[in-house]
Amino acid sequence: MGVLFQVLIFSFLGSFFNVIWRILFSCWILPGRAHMKLKKNGFRGPTPNFPLGNHGEINRIRREATVSSSSSSSSSSSSSSSSSSSGSSKISNDIHSSVFPYFSQWQKSHGKVFIYWLGTEPFLYIADPDFLKEMASGVMGKSWGKPRVFKHDREPMFGNGLVMAEGDEWVRHRHVITPAFSPANLKAMSSLMVESTTKMLDKWTALINSGNHEIDVEREITATAGEIIAKASFGISYENGSKVFEKLRAMQITLFKSNRYVGVPFSKLISPKKTIEAKNLGNEIDALLLSIIKAHKNSNDGRSQKDLLGLLLQVDRVNGMSGKMLTTRQLVDECKTFFFGGHETTALALSWTLLLLAMHPEWQNILREEIREVTGDKEIDFTKVAGLKKMGWVMNEVLRLYPPSPNVQRQAREDIRVNDLLIPNGTNMWIDVVAMHHDPKLWGEDANEFKPERFKDDLYGGCRHKMGFLPFGFGGRMCIGRNLTAMEYKIVLTLILSRFSFSVSPTYSHSPAILLSLRPGNGLQLILQPI
Ligand code: HEM
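Since this is a predicted model, take the numbers as computed values, not measurements. (Residues numbered from 1 in each chain as written. Predicted model: local features only at pLDDT ≥ 70, side-chain atom pairs only at ≥ 80, totals over all residues. Heavy atoms only, no water.)

(A) Seen up close, the overall build of the chain. When helices and strands are counted, the chain shows 20 helices and twelve strands. When the 531 residues of the chain are sorted by exposure, 51% land in the buried category. Across the chain, contacts joining residues at least 24 apart in sequence account for 75% of those joining residues at least 6 apart. For the chain, the exposed surface amounts to about 24,400 Å²; the carbon and sulfur share of it is 56%. (Helix = DSSP H or I, 4+ residues; strand = E, 2+ residues; numbered from the N terminus. Buried < 20%, exposed > 50% of the residue type's maximum accessible area, 1.4 Å probe, protein only. Contact = heavy atoms within 4.5 Å. Areas by Shrake-Rupley, 256 points an atom, 1.4 Å probe, with all protein chains shown as cover.)

(B) Representation of the side chain of Arg 400. Mapped onto the fold, Arg 400 is located in helix α17 (residues 389-401). The contact partners of Arg 400, leaving out residues within four places of it in the chain, are His 437, His 438, Trp 443, Asp 446, Ala 447, Glu 449, Arg 454 and Phe 469.

(C) Looking closely at the sheet that holds strand β2 (residues 121-126). Strand order in the open sheet formed by five strands is β1-β2-β8-β5-β3, with mixed pairing between adjacent strands. Of all the strands in the sheet, just β1 (113-118) and β3 (144-145) have a single pairing partner and so form its edges. Strand direction decides the pairing type here: β3 and strand β5 (residues 407-412), joined by two bridges, are antiparallel. In the sheet register, Gly 145 faces β5, and the bridge partner there is Gln 411. Across the sheet, helix α4 (residues 101-110) is in contact with β1, β2 and β8 (428-432); its angle to β1 comes to roughly 130°. (Pairing = 2+ DSSP bridges. Axes fitted to C-alpha atoms, helices over the stretch in contact; angles between N-to-C directions.)

(D) Up close: the coordination of the iron atom of the ligand. Looking at the protein side alone, the iron atom of the ligand has one donor only, Cys 479 (SG), at 2.3 Å. Note on placement: Cys 479 falls in the loop between α19 (440-443) and α20 (482-499). (Donors = N, O, S within 2.8 Å, 3.2 Å for Na, K, Ca; no water.)

(E) How the structure looks around the sheet that holds strand β4 (residues 214-216). Spatially, three strands are ordered β4-β12-β9 in an open sheet, and the strand pairing comes out antiparallel. In this open sheet, the two strands that pair with only one neighbour each are β4 and β9 (500-504). In this sheet, adjacent strand axes meet at a mean angle of 40° when their direction is disregarded. Two elements, β4 and strand β12 (residues 525-530), share three bridges in a ladder whose sense is antiparallel. Within the sheet, the bridge partner assigned to Ile 215 lies in β12 and is Leu 526.

(F) A look at the state of the cysteines. Taken as a whole, this structure holds zero disulfides when the rule is applied. A disulfide-free cysteine, Cys 463 has its sulfur positioned 19 Å from the sulfur of Cys 479, the nearest such atom. (Disulfide = S-S within 2.5 Å.)

(G) Just the packing of aromatic side chains, in detail. Enumeration over the complete set of coordinates arrives at 21 aromatic pairs. Consider the rings of Phe 103 and Trp 106, whose centres lie 6.1 Å apart with planes at 65°: the pair is edge-to-face. Note that Phe 103 and Trp 106 are positioned in helix α4 at a spacing of three residues, about one turn of the helix. Side by side, Phe 103 and Trp 106 carry an identical accessibility label, which is buried. On the basis of an interplanar angle of 85° and a centroid distance of 6.1 Å, the ring pair of Trp 106 and Phe 114 is categorised as edge-to-face. The pair formed by Trp 106 and Phe 114 is uniform in burial state, with each residue classed as buried. One aromatic cluster is present, built from ring pairs that chain together Phe 100, Tyr 102, Phe 103, Trp 106, Phe 114, Tyr 116, Phe 123, Tyr 125, Phe 150 and Trp 430. One cation-aromatic arrangement involves Arg 400 over Trp 443; the distance from NZ or CZ to the ring centre is 4.8 Å. Over the ring of Phe 474 we find Arg 410; its NZ or CZ atom is 4.3 Å from the centre of that ring. (Phe/Tyr/Trp six-rings, centres within 6.5 Å; stacked < 30°, edge-to-face > 60°. Lys NZ or Arg CZ within 6 Å of the ring centre and 35° of its normal.)

(H) Quick peek at the pattern of salt bridges. Taken as a whole and assessed by the stated rule, the structure comprises 26 salt bridges. The partner of Glu 284 in a salt bridge is Lys 247, with the nearest N and O atoms 2.7 Å apart. Of this pair, Glu 284 sits in helix α13 (residues 272-298) while Lys 247 sits in helix α12 (residues 238-256), and the two are 37 residues apart along the sequence. Overall, the relative accessible area of 25% leaves Lys 247 in the partly exposed class. Close ionic contact of Lys 451 with Glu 449 constitutes a salt bridge, the shortest N to O distance being 4.0 Å. (Salt bridge = Lys/Arg side-chain N within 4 Å of Asp/Glu carboxyl O.)

(I) Seen up close, the nonpolar core. Ranked by internal contacts, the top residues of the largest apolar core, which has 148 residues, are Met 135 and Trp 204. A per-element tally of this core places helix α15 (residues 328-359) first, with 17 residues. Beyond its immediate sequence surroundings of up to four residues, Met 135 is in contact with Ile 126, Trp 144, Ile 416, Val 418, Ile 423 and Met 429. (Core = buried A, V, L, I, M, F, W, Y, C linked by side-chain atoms within 4.5 Å.)

(J) Focus on helix α5 (residues 129-137). Along α5, the residues classified as buried are Pro 129, Phe 131, Leu 132, Met 135 and Ala 136. Within α5, the buried residues cover an arc of 155° as seen down the axis, which keeps them to one side. Measuring from the backbone nitrogen of Asp 130 back to the side-chain oxygen at the start of α5 gives 2.9 Å, which picks out Asp 128 as the cap. (Arc of directions from axis to C-beta. Polar contact = N/O pair within 3.5 Å; in protein donor to acceptor, adjacent residues only side chain to side chain.)

(K) Local environment of a nonpolar patch on the surface. On the surface, a cluster of nonpolar side chains totalling about 1,000 Å² of accessible area is made up of Phe 5, Ile 9, Phe 12, Leu 13, Phe 16, Phe 17, Ile 20, Leu 24, Trp 28 and Phe 50. Given the relative accessible area of 48%, Trp 28 is considered partly exposed. (Patch = residues over 30% accessible without salt bridge, like charges linked within 9 Å, V, L, I, M, F, W, Y side chains within 5 Å.)

(L) Structural context of the pairing of strand β11 (residues 517-520). Pairing of strand β10 (residues 512-515) with β11 involves four bridges; the strand directions are antiparallel. Bridge pairing links Pro 512 to Pro 520 in β11. Hairpin remark: β10 followed by β11, antiparallel, with one residue in the connecting loop; positive phi at Leu 516, about 70°.

Okay, structure coming up:
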């Protein structure tokens, strides 16, 4: 009995110390080694503390920025402004220091490339296109990783879909999915875009007729873009799509609304309720998508083959067992990825566009004129929207000033040499798109002004560096949905401009905020007039 007891005690202590050693190794020794290696290579940055890294300082700077912006907005009518119309006199496009106040502050002491820490995870901050170019030039798309901390955190949203897939798995998925986004397949989706947008605009007309001219266009457009992507992805009734949509939205809020301690060991234990809530929502979404996929597989309806899921299932049928097939689990993850990555970004591009056009009514007129010239005088010919060049400039300028994806992330899966510096394997990278898009050194002194004509003769808007304009990311991992977005953007905006003129409502308060995407923090209220 005594011997058995001793054996049990020893094996318990052995396992206990083994676990402690593993925790210490991964949370303390490995990050410590990485820190030394980065320092030896000349990377500097704000001093981290164990185990929070720079979270404490991030939260402090954020709080200070909130206090100073609320006191300046209550006292000032003199804030710097690039706006020109009434109701918008306090709106400034100079947003970097308010959406990323900590990066803006650290840039002043550490430059445009530095190391900061989220918990025990090192992040290389990059807002220098030269550095980015050097870094990206020697690495193939498939050799990049996505930060494991975010993968884990966002697993309920994207699973291992294309946004998160890596290596050969990513190559295979990209190869299978790319044809679904061909111009011919996209064209087939234009009528559903017109249908959903017209429904939204009829509702706006009814609201205006009942005396309500103020509309929160962000809420409206996000719902419509959700409907469009649900139909484009699964081709199903909006009812099922809206269930997925509501649950995804709830999950996004659960995961991103509060202060989170990304990278801090065991941080999920700080808010177990949220972790469980997100997991449950994730399971419910998966179950809904599984039923949608099953219905698709059983359907012989030609219509469903034209949506993205139908097109992916067709690849399965055509390729049979040739190894290209996506498993049902992978299809679920890709559907979540399309749905999540595809509706909010496009909706935000449109919403920020309406704000900037409301501030610049002369551009509303320029675009209306172009619509008449290109798509016809009486009936709009939607097959011609691709020819709306000036609208394309406006889209690029909006994506520059208010990029819906405000950053791009990578993780090194091997040591990477940039000039005489070495980025160690495992280092995360955080590319600050907002900073580069607003940098006067890249765009000139008018960097914060809305000037769509920058894009007239130059795809990069006259930016002094091709890696300085990254609304859709870069390299082999560039956004697969950018053509779908461009088409949806032009159709929706054409329909809105053809029926309404608009100005900024006095109730609108400009507060761009990050909730994964760059969004208006307090909705986007405009005053609409039928034309
Ligand atoms: C204004 C609209 C959009 C913006 C600003 C946007 C932005 C981005 C960005 C910045 C990336 C990351 C690229 C990188 O890591 O280098 C990306 C990737 C991706 N986007 Fe979009 N996106 C938009 C619309 C869409 C749409 C409509 C879809 C699909 C329906 C979509 C699906 C994806 C997918 C699947 C990826 C991962 C590509 C890969 O890693 O191979 N996006 N997007």
